[in-house]
Each structure stands twice: as C-alpha cells, then as structure tokens.
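Descriptive structure summary
Listed below, chain by chain, are the residues.
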Amino acid sequence: MNARGTAGSSVVSEASTEVAHMARMSGRIVIERSPEDVFEGVLDEPSWNPAMTAVEWLTPPPIDVGTRYSVTMNGGMRMAVEVVEFQRPTLVRSRTESSFMTTDGTVTVAPCPEGALLRWDWDYDLRDGFRLLRPLFSGFGSRWERRNWGRLKEFLERDATAT
C-alpha cells in the first residue's frame, strides 16, 4: 500500500436507498490529483484514515482480486475485507464483514478537468437487531463516508502542495 496527493472541490453525497434488507450509500468527490494518485490513495487508506488502527494482511500484497485483510477500527471493531473486483487505476470492489453488517462496496476513479472524480457506492445489510437502526445508520453512514473521502482529498491535496 502507498499513496500521494493536491487542492480544492467539494464532497457530494447522493441518495441513500433501501431494497429488501440491503441499503445503499453513494457519493462523489473531485480531488485535484491525477486519477493514478487518487487510486493509490484509496488503496493506502490506513495512511490517511485515523479511524483505522491496524491492518493484518491475510494474503500478501499487492492488492488484486482475492486479496484479503483484516482491519481494526477505533474502539476495537474488526472487519474482514476481500477484494472481489480490481482494475488498476479505475475500480476496486470489496466485500466487508463486521459483527453488525455486510457491505459490498465499489470505488471508481475517473479523470475530470480538475483532476480525478472519485465515486463510492456501498450496498450494505445490517445484521439482526441492527436492522432496526437502519434509518439512523443511513444518515450516519452517509456523513461518515463524506467525511472519510474528504480526508483522502485533504491528505492528497496537502501532500501535493508540500512537494
């Protein structure tokens, strides 16, 4: 995992929707860096996401289809992640399991006039009693994702101005 970064633009959260037990969160952000730099930043999330406290590789890097790793978040929550689709430098799709939900998430990166357009799209299913919290989680989760990808933007754009 490695990353690099640049300055400007806003984070947009798109609608959260629900289908059966699955719900969806999606959004986009423009980052003033090359698509390749942004994609590498996505892959190097522990370097810019302070909520991630540890990563344990279950399969050796580099990241590709079938790569598996375990992430520990603040508070000790663990998540098991498997990369299920990977097209460098434009797409990574993963399946994540935690004690309270399953997520199938896709991140895409495309060139745009300002640098790179990053889009995220998560289908998630809260487990058991947590399903009752879906309306609350939908709003919280959307804000969390906007803030999370905003951190990547700040990290990459700050890094670009320092070099």
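Residues numbered from 1 in each chain as written. Predicted model: local features only at pLDDT ≥ 70, side-chain atom pairs only at ≥ 80, totals over all residues. Heavy atoms only, no water.

**Points about the nonpolar core**
General note: in soluble globular proteins, nonpolar side chains tend to be found buried as a group. Val107, Leu118, Trp149 and Leu152 are the most contacted members of the largest nonpolar core, which has 27 residues in total. At the level of elements, strand 2 (22-31), helix 1 (35-43), strand 5 (78-87), strand 7 (101-112), strand 8 (115-126) and helix 2 (134-162) are the ones that each hand at least two residues to this core. Apart from the residues lying within four places of it in its own chain, the contact partners of Leu152 are Ile31, Val38, Gly41, Val42, Trp48 and Leu118. Membership of the second largest hydrophobic core comes to seven residues, among which are Ala51, Tyr69, Met73 and Met79. (Core = buried A, V, L, I, M, F, W, Y, C linked by side-chain atoms within 4.5 Å. Buried < 20%, exposed > 50% of the residue type's maximum accessible area, 1.4 Å probe, protein only. Helix = DSSP H or I, 4+ residues; strand = E, 2+ residues; numbered from the N terminus. Contact = heavy atoms within 4.5 Å.)

**Some points on the environment of Thr102**
Its location among the elements puts Thr102 in strand 7. The class of Thr102 is buried, set by a relative accessible area of 11%. A C-alpha to C-alpha distance of 7.7 Å links Thr102 and Arg127, two positions 25 residues apart in sequence. A distance of 2.9 Å separates a polar atom in the side chain of Thr102 from a polar atom in the side chain of Glu97. (Polar contact = N/O pair within 3.5 Å; in protein donor to acceptor, adjacent residues only side chain to side chain.)

**A word on the pattern of salt bridges**
All chains considered together, the criterion is met by nine salt bridges. A salt bridge links Arg24 to Asp123; the shortest N-O distance between them is 2.7 Å. You can see Arg24 sitting in strand 2 and its partner Asp123 sitting in strand 8, a full 99 residues away along the chain. When the shortest N-O distance is used, the salt bridge between Asp37 and Arg33 registers 2.4 Å. (Salt bridge = Lys/Arg side-chain N within 4 Å of Asp/Glu carboxyl O.)

**Looking at the confidence of the model for the protein**
Taken over all residues, the pLDDT of the protein has a mean of 83, while the share at 70 or more is 77%. Here residues 1-10 is modelled with pLDDT under 50, and outside its nearest four sequence neighbours on either side it reaches 43 contacts, counting other chains as well. Below a pLDDT of 50 lies the segment residues 15-19, which in the model reaches ten contacts outside its immediate sequence neighbourhood of four places, other chains included. (pLDDT = per-residue confidence, 0-100.)

**Quick word on the pairing of strand 8**
Most of strand 8 sits inside the fold, with nine of its twelve residues counted as buried. Relative to strand 8, strand 7 runs antiparallel, the two being bridged by twelve bridges. From the neighbouring strand, Met101 faces strand 8, where its bridge partner is Leu126. What sits between strand 7 and strand 8 in their antiparallel hairpin is a turn of two residues. (Pairing = 2+ DSSP bridges.)

**Focus: the environment of Pro111**
With respect to the element layout, Pro111 can be found in strand 7. As a C-alpha pair, Pro111 and Thr90 span 21 residues in sequence and 9.3 Å in three-dimensional space.

**Some thoughts on unusual backbone geometry**
The amide bond that connects Pro61 to the next residue, Pro62, takes the cis arrangement and shows omega of 10 degrees. Mapped onto the elements, Pro62 comes out in the loop between strand 3 (52-57) and strand 4 (68-73). Here Arg88 and Pro89 are connected by a cis peptide whose omega angle stands at 0 degrees. Position of Pro89 among the secondary structure elements: in the loop between strand 5 and strand 6 (91-97).

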